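Remarks on the overall topology
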Amino acid sequence: MLIGEVARRSGVSARMLRHYDSLGLVRPTGRTSTGYREYTAADIRLIFQVESLRSLGLSLRDVRRALDDPGFAPSALIDDLIRQTRDRIAGEMELLNRLRRIGAAEPADWGDVLETVALLRGLGSESAGRRQRAALASVEKVSVEALIEAVLGEADPHVAGALRWALAQSAESGLALLAQGLRSPDAAVRRRAVETIAEIPHDVATDLLRDALSHADIVVRQHSALALGARGVADAVPTLVDMVVEEAHDVDAADALSALASDSALANRITTTLVDRLAHESVRQSARRRLTQALADIPGRAASHALAELSRDQDRVVAMTATYVLGLRDVDG
């Protein structure tokens, strides 16, 4: 079979067949009397083998090794091809995401496109200072999705703060993506997600924080409770009291309880919760002292009555704290 016919039947161009011949990869077995290349059935099978291996991403050099070396082991080469393919896919996905972000910014002209590209590059810079400047300049110029991706991966606290500020200026459209961040297997991403949600002043964000009070990650629960306490949400009380007991941001938790207690009805609830924990046998001595200090910042008769009881506590530090606070309350009264 002559080269033209082989090209038509195999789908491999005559030019490529000549290239295979020059490389010694697939040489036609014979020649016609006039000197034309003549391929046998075995030659054509070899062409299909070459094309099959090339379809996997093998170079012609690797194809030749695979066909010529009987001891050639494909496993290592296949593993390398898998890595290369993954890298190529990752690169294509990065390009796709960049295009989506630019499209989401709804550029009016190429000047807008170039500005968006510059900001996206800034957000991905190795320089923390440049990332921070890009974050501050990104409001209404970069898509919310791009900002969320940046903040969930940002380790520098100053840059993360700038990104959270930029997101707080935007609409609540990105909260669904931040909710996904709360489900990340990476603890650092979960923490960044809840910190970002905490700074977004929308009811949807408050609802997400309420849901996060039952999150499996204690860090997420604690950040949610502190944020909800600042928003005056009573659901945070049990977690805030737990934080006082566990000495986890206990000063911040006590401050949040004090702020919540400005509501007299809620003050009684907080007092009851603190007193119940004080009475629990499993609570350590150091935790009882922190609970007493937290109770000291809760206004109302119920808290004063509880402190009067604690002024006779067997723990001398607890009794002295309660007595001191009662004295201050009498003076203020």
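What this report covers is the structure whose coordinates are included nearby. A quick note: this is a predicted structure, and the numbers were derived from the prediction, not measured. (Residues numbered from 1 in each chain as written. Predicted model: local features only at pLDDT ≥ 70, side-chain atom pairs only at ≥ 80, totals over all residues. Heavy atoms only, no water.)

1. Concerning the overall build of the protein chain
Quick reminder of the rule: Only DSSP runs of H or I with at least four residues qualify as helices, and only runs of E with at least two residues qualify as strands; both kinds are numbered from the N terminus onward. Contacts are assigned to residue pairs that have any heavy atoms within 4.5 Å of one another. Shrake-Rupley sampling with a 1.4 Å probe provides the accessible areas, and residues are treated as covered by the protein chains on show and by no other component. Positive charges come from Lys and Arg alone, negative charges from Asp and Glu alone, with His and the N- and C-terminal ends not counted. A charged residue contributes its charge at one atom only: NZ of Lys, CZ of Arg, CG of Asp or CD of Glu.
On a plain count of helices and strands, the protein chain comes out with 19 helices and 2 strands. For the protein chain, contacts bridging at least 24 residues in sequence account for 49% of all contacts bridging at least 6. Counting every atom, the protein chain has about 18900 Å² of accessible surface; 52% of that belongs to carbon and sulfur. Each charge sign in the protein chain was given a centre, from 41 positive and 47 negative side chains, and these centres are 9 Å apart.

2. Some details on helix α10 (residues 175–182)
Spelled out, the test is: Summary of the burial criterion: residues with accessible area below 20% of their type's maximum are buried, those above 50% are exposed, and those between are partly exposed, where the area comes from a 1.4 Å probe applied to protein chains only. The arc refers to the directions leading from the helix axis to the C-beta atoms.
Those residues of α10 that sit buried are L175, L178, A179, G181 and L182. Buried residues of α10, seen end-on, are gathered within an arc of 150 degrees and therefore sit on one face of the element. The elements touched by buried residues of α10 are α8 (144–152), α11 (187–198), α12 (203–212) and α13 (218–230).

3. Things to note about the layout of surface pockets
Worth spelling out the cut-off: Definitions used throughout: a 1 Å grid over protein atoms alone; a cavity as a set of points that fits a 1.4 Å probe which cannot get out; a pocket as an open set with protein on both sides within 12 Å along at least five of seven lines; a lining residue as one with an atom within 4 Å of a point. Grid points are joined across faces, edges and corners, and a volume is the space filled by probe spheres set on the points. Gly falls in the polar group here, along with every residue not listed as nonpolar (Ala, Val, Leu, Ile, Met, Phe, Trp, Tyr, Cys, Pro) or charged (Asp, Glu, Lys, Arg).
Looking at the largest pocket, its volume works out to about 260 Å³. Considered class by class, the residues forming the lining of the largest pocket number 4 nonpolar, 1 polar and 5 charged.

4. Describing the pattern of salt bridges
So the rule is basically this: For this analysis, a salt bridge means a side-chain nitrogen from Lys or Arg found within 4 Å of a carboxyl oxygen belonging to Asp or Glu.
Considering all chains together, one arrives at 20 salt bridges under this definition. Between R54 and E51 there is a salt bridge, with the nearest N and O atoms lying 3.6 Å from each other. You can see R54 and its partner E51 sitting in helix α3 (residues 41–55), 3 residues apart, about one turn around the helix. Relative accessible area serves as the criterion here: at 26%, E51 is assigned to the partly exposed category. R277 serves as the salt-bridge partner of D242, at 2.5 Å between the closest nitrogen and oxygen. Of this pair, D242 sits in helix α14 (residues 237–246) while R277 is found in helix α16 (residues 264–279), placing the two residues 35 residues apart along the sequence. With a relative accessible area of 27%, D242 lands in the partly exposed category. The class for R277 is partly exposed, based on a relative accessible area of 23%. Each member of the salt-bridge network shares a partner with another, and the members are R164, R191, E195 and E199.

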